[in-house]
Amino acid sequence: MNKTIDLAQGRWPLILGAIAGVSAEQLTDKHGPCPLCGGKDRYRFDDKDGSGSWFCNKCGGKDHNGGAGAGMDLLMRKMNLEFKDAIVEVERFLGIEKKPAEPPVKGAENVWYYSDNFLVARFPGKRYRPFLYDGRVWKPGVINAPRPLLNHAKIKACSKTVIITEGEKACDAASKLFPDFIATTWSSGCKAFRKTDFSILVGHTVLLWPDADAPGLQAMDQVAQMLLKLGVQKIAIIDPPDNVPAGWDLADASWTPEEALEYARSHKKIAEPLPAEAGQQSIPDPPSEPEPSEIESGSYFTSLGFDADAYFYQPHGTGQVTRLSRPAHTSTNLVSLAPLEFWEAWAPNGKGAVDWVRAASMLFQLGADQGVYDPLRIRGRGAWWDKGRTVLHLGDRLIADDKIQPVNELFESRYIYQRLSKLEGHGTTSPLSDAEAFHTLSIAEQFLWENPTSGMLLAGWVALAPICGALQWRPHIWLTAAAGSGKSAILDRFVHPLLSDMGLFVVGNTTEAGIRQSLRSDAMPIIFDEAESNERADQLRMQNILSLARVASSESQATAIKGSSTGEANRFHVRSMFMMSSISTHLKQGADRSRFAQLTLKNPASIQDESERSKHWEDLDKMLDTHITREYGRALINRTVQLIPVIRENNKIFSRAFADIHGSQRQGDQYGTLLAGAWSLQSSEVISEADAIAIIKANNFDDFAEQTEVSDEDKCLQHILQHQLRIEGDSRTLTRSVGELIEVVMGKVNDFDLDKGEAVRALGRHGLKVESDERCLYVSNSSKGLSAILADTSWANCYTTMLRRLKGSSVGGGRHFSGIGKPSRTTKIEIDKI
């Protein structure tokens, strides 16, 4: 982002009022007249995070058809200014001096020229790197010793007093605090003074100002002795102030120039030669080659840390994370991190070649300094929420704060955005307006749904799917329909075009491992067609996929861990929204039902009139052809990405309101998120709580609540009660459900083919006993018959725990059961609560 805009943050009300004449009433978070289009009540100024943000449903947004804008956008349009001219006006108002030209090194915060072909650059994170100019570009490297002092041309040109600091930043501070002196320093760190040419200081008075730490004081003492040996006559060392933090230097001082000069005068000590026996005559001559530690690796690759015997790097050329074991730190692998000339400068062997063992040793140290590598820092393709900003990762490029940059360029974040295959994303389209986006919602509602609310939920899912990585909760949907009901039309002509290439489309026998390995670190939706599970093997495969979807739902620190053939654990944090499509759903567990909204299409035969049915599909066909195109889909993605902050806020409002109305926070997360997506298709604004409640109450969510609210313990009990038992007699064989047998024993029904004693014995053989007087059902905790009933279910080995979660259940004590030799511990369930 432009630095001037950064400085303007939090000051936009003053800027817009002073420069553009926007009234105080138009700078509040209340609906009112728009300063641009004059609209009466569709404008408000919310100044989110101090950015000057505003909304106007009539003229806001990039295409001026309604939407949001920032403070700079309002200023430019109000004053009819180009961006560069608006920046000048803001800088003038803020009193900002004209900034220097862009540094010649990408990503540098500042540069210091020691000579025409040698500079030191400072990068974010207080990282300093030396660069050499090869006649075309600046490349990492250190000039051969003896090296020049900073500002050496000024020193040569006059006889002013010279003040020497440790480091370029302190040197800049000294220039301001001592304007009558010439400030200088040497390059490449505290210990590199021995490789510097100090001879130009002969004839000057020299002040040495060390950092307030032991290495700094020692270095300046040795510099003083070196200068005395060279013939510099007047040398003084300034003692740093007492009670300052270790490492304090002039850049940390808050003095005025007068105060700084007075401190220097009163705290200087004259440098004198030390006796020879003190060892000062042993200061070596400058070596001919630079120390490897003085050349930074950061311009070519970043060390990400280590884990066990492996080290991880991100070469800036490829942008992908590279794993190297200790033995793999060979010359061939290292030149994949940086070119050969870098290693020749970084780890020379003194014979014009590379000391590869030395290079590996320094890389091991770099990795140790970074700490243990965390794979969860890696972020693949998709939309992400990164410290209050939206980052869209499209494989080869990042889009953040409306700025596009290659993914392998320096990007300030704790996360690692890895270079991957290119996605088109929203391409060069402009975001849809509110009216244009509404077509998505209105067409989704035209499909023949069992519950009309399903259309809104489908539209909400499609809107949110491309930004699933930026959501706190990721809802899933399951589309079910009989053959010929329009399921394929929804997938092929609605979902696919709207998602463009921002999704992973799979079919048939796809496995959980295949999905996981295809996603890697991507935050992409999964669209799974023909998700059938008729055979036993298919059922197991689908349950594994549902387990993956369950983990993907929430934005937590929990990860999935899988073993590998190498013996190492692979950690995965899946951030995907799933859309399953099949004839019927296979949601068995309550945890899965609460994460999937089941959207069911009617059978077309439900429209009795054939001509009416044909006309419905003809009209729908025209709408799909007219509006749902790939170009429209890309523009919708652009809109949704722009609205991520608004969607996240609406998500909170809808989720809270839904949970209050329907009494379930899980349902609030699931359907509140889908509603926030649907709302983004009709408005660019944050919804009011009253409007959110009205929308929820106006739609029928009862069917979806029934799908999600059956608990695992209730399903376990229902499975037992519905199980059919064979009762064999001398002349007949009967089949009755467990529930029917309980009713016979309780006397609730008269079964003339079955007497009560047979019912008691049949139940007892399966660990079940009814006590009519107590109106209780006792369930054996160790019945093999009951285990057989629950075989192949998730409750086979834990049914006791499940049943004790039921309302009205408790520990039942010991009971004797027919067909079981000795008494068994039991769980007691009140029959009236079943």
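Novice: Which parts of the structure should I look at to understand the sheet that holds strand β13 (residues 301-307)?
Specialist: Remark on secondary structure: sheet strands pair via backbone hydrogen bonds, oriented parallel or antiparallel. The three strands lie next to each other as β13-β14-β15, forming an open sheet whose pairing is antiparallel. The outermost strands of the open sheet, each flanked by one partner alone, are β13 and β15 (322-325). Going across the sheet, the axis of each strand differs from the next one's by a mean of 25°, ignoring polarity. Judged from the four bridges that link them, strand β14 (residues 310-315) and β15 form a sheet pairing that is antiparallel. Looking at β15, one finds that A310 is bridged to S325. Along the sheet face, helix α11 (residues 356-370) touches β13 and β14 and points at about 75° away from the line of β13.

Novice: Can you walk me through the environment of G317 in this structure?
Specialist: Relative to the helices and strands, G317 is located in the loop between β14 and β15. Residues G317 and R419 lie 102 residues apart in sequence; the distance between their C-alpha atoms is 9.6 Å. Non-local contacts of G317, meaning those with residues more than four positions away in its chain, are made with Y300, N408 and R419.

Novice: Sorry if this is basic, but what is going on with the pairing of strand β11 (residues 234-238) here?
Specialist: Along any regular strand, the residues point their side chains to alternate faces of the sheet. Counting buried residues in β11 gives four out of five residues, a clear majority hidden from the surface. In this structure, strand β10 (residues 205-208) lies alongside β11, joined through four bridges in parallel fashion. Counted as the bridge partner of L208 is I237 from β11. Taking the sense of rotation as the criterion, the β-α-β connection linking β10, helix α7 (residues 214-230) and β11 turns out right-handed. Bridge count for β11 against strand β12 (residues 268-270) is three bridges, and the pairing is antiparallel. What sits directly across from I237, in β12, is K269.

Novice: Sorry if this is basic, but what is going on with the pattern of salt bridges here?
Specialist: Once their charged atoms are close, side chains differing in charge can pair, the charge on each being opposite to the other. Evaluation of the coordinates by the stated rule reveals 23 salt bridges. For K269, the salt bridge is made with D239, and the minimal N-O distance between the two is 3.9 Å. One end of the pair, K269, is in strand β12; the other, D239, is in the loop between β11 and α8 (257-266), with 30 residues separating them in the sequence. Note on D239: relative accessible area 32%, which makes it partly exposed. When the shortest N-O distance is used, the salt bridge between D522 and R381 registers 2.8 Å. Residue D522 is found in the loop between α15 (512-519) and β24 (526-529), and its partner R381 is found in the loop between β16 (378-379) and β17 (382-386); the two are separated by 141 residues along the sequence. Under the relative-accessibility criterion, D522 is labelled buried at 6%.

Novice: Can you help me understand the state of the cysteines in this one?
Specialist: One covalent bond between the sulfur atoms of two cysteine residues makes up a disulfide. Scanning the entire structure with this criterion turns up zero disulfides. C56 forms no disulfide, and the closest cysteine sulfur to it belongs to C59, at a distance of 3.6 Å.

Novice: Teacher, can you tell me more about the sheet that holds strand β3 (residues 67-69) here?
Specialist: The three strands lie next to each other as β1-β2-β3, forming an open sheet whose pairing is antiparallel. Where the open sheet ends on each side, the last strands, each with one partner, are β1 (43-45) and β3. For this sheet, the mean inter-axis angle between neighbouring strands, taken without regard to orientation, is 15°.

Novice: Help me out: how do you make sense of the nonpolar core in this one?
Specialist: Nonpolar side chains tend to gather and get buried jointly when the protein is soluble and globular. Grouped together as the largest cluster of nonpolar side chains are 90 residues, with contacts concentrated most on L458, W461, F494, F578 and M579. With eight residues, the single largest contributor to this core is helix α13 (residues 453-464). Beyond its immediate sequence surroundings of up to four residues, F578 is in contact with W461, H476, I477, I515, I526, I545, L548, A549, A552 and F596. Within the second largest apolar cluster, 31 residues are counted, among which are L741, V770, L786 and I831.

Novice: Teacher, can you tell me more about unusual backbone geometry here?
Specialist: For residues besides glycine, phi is generally negative; the peptide bonds are generally trans as well. With a phi angle near 55°, D49 is a residue other than glycine that sits in the positive phi range. Position of D49 relative to the elements: it lies in the loop between β1 and β2 (54-56). Exposure remark for D49: the relative accessible area of 60% places this residue in the exposed category.

Novice: Where do I start with the packing of aromatic side chains in this structure?
Specialist: Where two aromatic rings form a pair, the distance of their centres and the angle of their planes describe that pair. Overall, the coordinates contain 30 aromatic pairs when judged by the stated rule. Seen in terms of ring centroids, F306 and Y311 are 6.1 Å apart; in terms of plane orientation they differ by 35°. Their pairing is tilted. Aromatic side chains F411 and Y417 sit 5.6 Å apart centroid to centroid with 85° between the ring planes, which places their arrangement in the edge-to-face category. Each member of the pair, F411 together with Y417, is buried. Taken together, Y300, F301, Y313, F342, W343, W346 and W356 form an aromatic cluster joined through their ring pairs.

Novice: Quick question: what am I supposed to make of the environment of S783 here?
Specialist: Residue placement: S783 occurs in the loop between β32 (776-780) and α27 (784-789). Taking the C-alpha atoms as reference points, S783 and L768, 15 residues apart in sequence, are found 8.7 Å from one another. Looking at S783, its side chain comes within polar contact range of the main-chain oxygen of H766, at 3.5 Å. At a separation of 3.1 Å, a polar atom in the side chain of S783 contacts the main-chain amide nitrogen of L786.

Novice: Please explain the packing of α15 against helix α16 (residues 536-552) as it appears in this structure.
Specialist: Helix-helix packing is characterised by the crossing angle of the two axes and by the distance between the axes. Their axes nearest at 8 Å, the elements α15 and α16 cross at an angle of 40°. Residues E512, I515 and R516 of α15 lie in contact with α16, whose contacting residues are N544, I545 and L548. Broken down by class, the residue content of the contact of α15 with α16 amounts to three nonpolar, one polar and two charged.

Novice: What exactly am I supposed to notice about helix α2 (residues 12-20) here?
Specialist: Three or four residues apart is the spacing at which side chains of an α-helix point the same way, because the helix has 3.6 residues per turn. All buried positions along α2 are accounted for by W12, I15, L16, I19 and A20. Viewed end-on, α2 has its buried residues packed into an arc of 90°, placing them on one side of the element. Pointing more than 90 degrees away from the buried face of α2 are the exposed residues L14 and A18. Its buried side turned inward, α2 meets α1 (3-8), β1, α3 (71-79) and α4 (83-94).

Novice: Could you clarify how one ought to interpret the side chain of T673 in this entry?
Specialist: Residue placement: T673 occurs in helix α21 (residues 665-679). Of the polar contacts made by the side chain of T673, one reaches the side chain of N651; its length is 3.0 Å. Contacts of T673, omitting those with residues within four sequence positions, involve L464, L471, W473, P475, N651, S655 and G668.

Definitions and limits used
- Residues numbered from 1 in each chain as written.
- Predicted model: local features only at pLDDT ≥ 70, side-chain atom pairs only at ≥ 80, totals over all residues.
- Heavy atoms only, no water.
- Pairing = 2+ DSSP bridges.
- Helix = DSSP H or I, 4+ residues; strand = E, 2+ residues; numbered from the N terminus.
- Axes fitted to C-alpha atoms, helices over the stretch in contact; angles between N-to-C directions.
- Contact = heavy atoms within 4.5 Å.
- Buried < 20%, exposed > 50% of the residue type's maximum accessible area, 1.4 Å probe, protein only.
- Right-handed = clockwise from strand over helix to strand, strands pointing away.
- Salt bridge = Lys/Arg side-chain N within 4 Å of Asp/Glu carboxyl O.
- Disulfide = S-S within 2.5 Å.
- Core = buried A, V, L, I, M, F, W, Y, C linked by side-chain atoms within 4.5 Å.
- Phe/Tyr/Trp six-rings, centres within 6.5 Å; stacked < 30°, edge-to-face > 60°.
- Polar contact = N/O pair within 3.5 Å; in protein donor to acceptor, adjacent residues only side chain to side chain.
- Nonpolar A, V, L, I, M, F, W, Y, C, P; charged D, E, K, R; others polar.
- Arc of directions from axis to C-beta.

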